[in-house]
Amino acid sequence: MRKLIVESFISLDGVIEAPMDWASPFFDDESKELAYQNLASVDFFLLGRVAYETFSARWPQIRGDRYMDRINGLKKLVASRTLKEVTWNASLLDADAAAHLARLKNEPGGHILKYGVTDLDRTLLAHKLVDEYHLSIMPIRVGRGKRAFQDVDPSLLKLDLVGTRSFKNGVVTLSYVPR
């Protein structure tokens, strides 16, 4: 059975928006190596429309880096009500993305990975589809932007801490599972 794992960068003040603008200095060799190792158990990369449009505009052009080569080679699942077509080895999920993901999770194979806490998490949590959250707290104050889980009903966000990992650069990754 597959797991759906959500990984996200979060600033000290809880910001998740536009991590490409502030998290890059912390995605060093140590962090990148762990991220690459974690991809070994992943078959699918799940994205909402905004993440898909952001990543697919930049990431396919990055070649020769084994982490990015692995990301680019993964099958992508895009949850969107407005997109009509996708590229970058991607498939659009049908109108009931939650049901599609529930079926996919029950099949044998590698995990489903989603980067970032986004609007899609409301649906994932409401349907009890998330198996793990890996939240990387970056030692930086961003000051403005969307906060982690700000649009999620607090009654859906009941998590138990199951692991921590600290990095030399000051990043701490907290791993949670839903209760």
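Residues numbered from 1 in each chain as written. Predicted model: local features only at pLDDT ≥ 70, side-chain atom pairs only at ≥ 80, totals over all residues. Heavy atoms only, no water.

Peer 1: Could you give an account of the pairing of strand β1 (residues 4-11), naming the residues involved and the relevant values?
Peer 2: Most of β1 sits inside the fold, with 7 of its 8 residues counted as buried. Pairing between β1 and strand β5 (residues 111-115): 4 bridges, direction parallel. Each residue of the ladder has a partner; that of I5, found in β5, is L113. Here β1 runs beside strand β6 (residues 132-138); their pairing, made up of 7 bridges, is parallel. Across the sheet, residue S8 finds its bridge partner in β6, namely L135. (Buried < 20%, exposed > 50% of the residue type's maximum accessible area, 1.4 Å probe, protein only. Helix = DSSP H or I, 4+ residues; strand = E, 2+ residues; numbered from the N terminus. Pairing = 2+ DSSP bridges.)

Peer 1: Outline the packing of aromatic side chains, listing residues and values.
Peer 2: Any two aromatic rings considered together are summarised by their centre-to-centre distance and by the angle between their planes. The full count for this structure, using the stated rule, is 11 aromatic pairs. Seen from their ring centres, F45 and W59 are 6.3 Å apart, and the 10° between their planes marks the pair as stacked. Of the two residues, F45 is situated in strand β2 (residues 42-48) and W59 in the loop between α3 (49-58) and α4 (66-73); the sequence distance between them amounts to 14 residues. As far as burial versus exposure is concerned, F45 and W59 are alike and both buried. (Phe/Tyr/Trp six-rings, centres within 6.5 Å; stacked < 30°, edge-to-face > 60°.)

Peer 1: If you had to explain the sheet that holds β1 to someone new, which residues and values would you point to?
Peer 2: One open sheet accounts for 8 strands, arranged β4-β3-β2-β5-β1-β6-β8-β7; its pairing is mixed. At either end of the open sheet lies a strand with only one pairing partner, and these are β4 (90-92) and β7 (159-166). Between one strand axis and the next, the sheet turns through 25° on average, direction left out of account. Where strand β3 (residues 75-79) lies against β4, 3 bridges are found, and the strand directions are parallel. Note on β4: the bridge partner recorded for V78 is L92. Helix-sheet contacts for α3 involve β2, β3, β4 and β5, and the interaxial angle to β2 is about 110°. (Axes fitted to C-alpha atoms, helices over the stretch in contact; angles between N-to-C directions. Contact = heavy atoms within 4.5 Å.)

Peer 1: A description of the pairing of β3 should follow, citing residues and the corresponding values.
Peer 2: Where burial is concerned, most of β3 is hidden: 4 out of the 5 residues are buried. With 5 bridges connecting them, β2 and β3 associate as parallel partners. In the sheet register, L46 faces β3, and the bridge partner there is L77.

Peer 1: Provide a residue-level description of the nonpolar core, including the pertinent values.
Peer 2: Within the largest apolar cluster, 27 residues are counted, with the highest numbers of intra-cluster contacts made by L4, L46, L101, L124 and Y133. Elements that contribute at least two residues to this core include exactly β1, β2, β3, α5 (97-105), α6 (120-126), β6 and β8 (172-178). Looking at this core, the element that brings in the most residues is α5, giving 4 residues. When residues no more than four places from it in sequence are discounted, the contact partners of Y133 are V6, V117, D121, L125, F149, L159, L174, S175 and Y176. (Core = buried A, V, L, I, M, F, W, Y, C linked by side-chain atoms within 4.5 Å.)

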